[in-house]
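Letter by letter, the chains look like this.
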Amino acid sequence: MTKVTDPGGQVREIALGVDVMADIRELAETNRRLLDQHNVRMIDVMGSVGTGKTALIEQNVHSLKGTKRIVVLNGDLATTIDQDRILQHGVSAIQVNTGKECHLDAALVRSVLDGLNLDDLDVIIVENVGNLICPADFPLGSHKRVVVISVTEGPYVALKHPHVFAEMDYAIINKIDLASIMEVDVSKLVRDLANVNPHMRIFQTSCRDGRGIQGLVIELIGVTKHA
Ligand SMILES: Nc1nc2c(ncn2[C@@H]2O[C@H](COP(=O)(O)OP(=O)(O)OP(=O)(O)O)[C@@H](O)[C@H]2O)c(=O)[nH]1
Ligand SMILES: [Mg+2]
């Protein structure tokens, strides 16, 4: 069972179908069509544990609060730590605890969408479960897919996981404030990412000193109905 905690702390459980994989892409398309009908933009943010997904989402909601109607969907195996971080910004957040599952899927996201009033929303930011590999294989129906890596994972992430980056619209190299300490050549990382997927937009960010954040927010959220 998967546990969903709404912004008011109410908890409900959702059963995942065992044959979800077979229909997953079609279900993702159904989600996308539903979102388009309501003019809601959904962004799927994934990446390894601790790369700074929540920190980057916090930066985004901080910048957009008051101009966009946002809900954040935080995926984690357990706890409401990330949901609590988003709620502190005065932005609605729904925690999805997947237990042992290493990714969210379109069926699960659909059940969350069904509980929202989509006409009251502009943007849904999904923080997928911290994991570089699994979430890439499970489209949710988002308009953009974003992978967050960070310099603390070392210099070889792009080369070692090409299939993950092949699926992405954006790659964010976060924690660039730590690049020299980690002795990671960020420009080499950028080149490796661009070689793996030349169509992917690549950003360099630091949630510590704010580098790259503003450009990222503008690019990721784009123009919605209340822009
Ligand atoms: N120095 C530095 N630290 C960062 C940066 N971004 C995030 N952190 C720190 O990295 C740690 C992990 O950040 P989170 O935002 O929790 O990472 P996450 O990817 O959401 O982690 P999970 O949800 O557990 O997968 C925290 O201690 C952050 O303060 C950054 O740009 N620079
Ligand atoms: Mg997080």
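Scroll up to find the structure.
Residues numbered from 1 in each chain as written. Chains lettered and ligands numbered in written order. Predicted model: local features only at pLDDT ≥ 70, side-chain atom pairs only at ≥ 80, totals over all residues. Heavy atoms only, no water.

Engineer: Before we go on, may I ask you to explain the overall build of the chain in this structure?
Structural biologist: When its secondary structure is counted, the chain shows nine helices and nine strands. Computed over C-alpha atoms, the radius of gyration of the chain comes to 17 Å, within 12% of the 17 Å expected from 2.2 N^0.38 for 227 residues, which places it in the range of a compact globule. Counting over 227 residues, the chain shows a buried share of 50%. If you take every contact in the chain between residues at least 6 apart in sequence, the share linking residues at least 24 apart comes to 73%. Once the 23 positive and 29 negative side-chain charges of the chain are each reduced to a mean point, those two points are 4 Å apart. (Helix = DSSP H or I, 4+ residues; strand = E, 2+ residues; numbered from the N terminus. Rg over C-alpha atoms; globule rule 2.2 N^0.38 Å. Buried < 20%, exposed > 50% of the residue type's maximum accessible area, 1.4 Å probe, protein only. Contact = heavy atoms within 4.5 Å. Lys, Arg positive; Asp, Glu negative; His and termini not counted. Charge placed at Lys NZ, Arg CZ, Asp CG, Glu CD.)

Engineer: Any chance you could explain the site of ligand 1 here in plain terms?
Structural biologist: Near ligand 1 lie 20 residues; those nearest to it are Lys 53, Thr 54, Arg 85, Asp 177 and Cys 207. Residue Asn 174 places a side-chain N or O atom 3.1 Å away from a nitrogen atom belonging to ligand 1. Calculation on ligand 1 without its partners gives an accessible area of 650 Å², and the protein chains cover 77% of this total. Judged by its atoms lying within 2 Å of the grid points, ligand 1 is housed in the largest pocket. Breaking the shell around ligand 1 down by element, the ones donating at least two residues are α2 (53-64) and α3 (81-87). In terms of residues, the shell around ligand 1 owes the most to one element, α2, which gives three residues. Looking at the shell around ligand 1 residue by residue, the classes come out as four nonpolar, eight polar and eight charged. (Near = heavy atom within 4 Å. Polar contact = N/O pair within 3.5 Å; in protein donor to acceptor, adjacent residues only side chain to side chain. Areas by Shrake-Rupley, 256 points an atom, 1.4 Å probe, with all protein chains shown as cover. 1 Å grid on protein atoms, 1.4 Å probe; cavity = no way out; pocket = protein on both sides within 12 Å on 5 of 7 lines; lining within 4 Å. Sits in = over half its atoms within 2 Å of the grid points. Nonpolar A, V, L, I, M, F, W, Y, C, P; charged D, E, K, R; others polar.)

Such coordinate-based values are descriptive only and should not be taken to indicate function.
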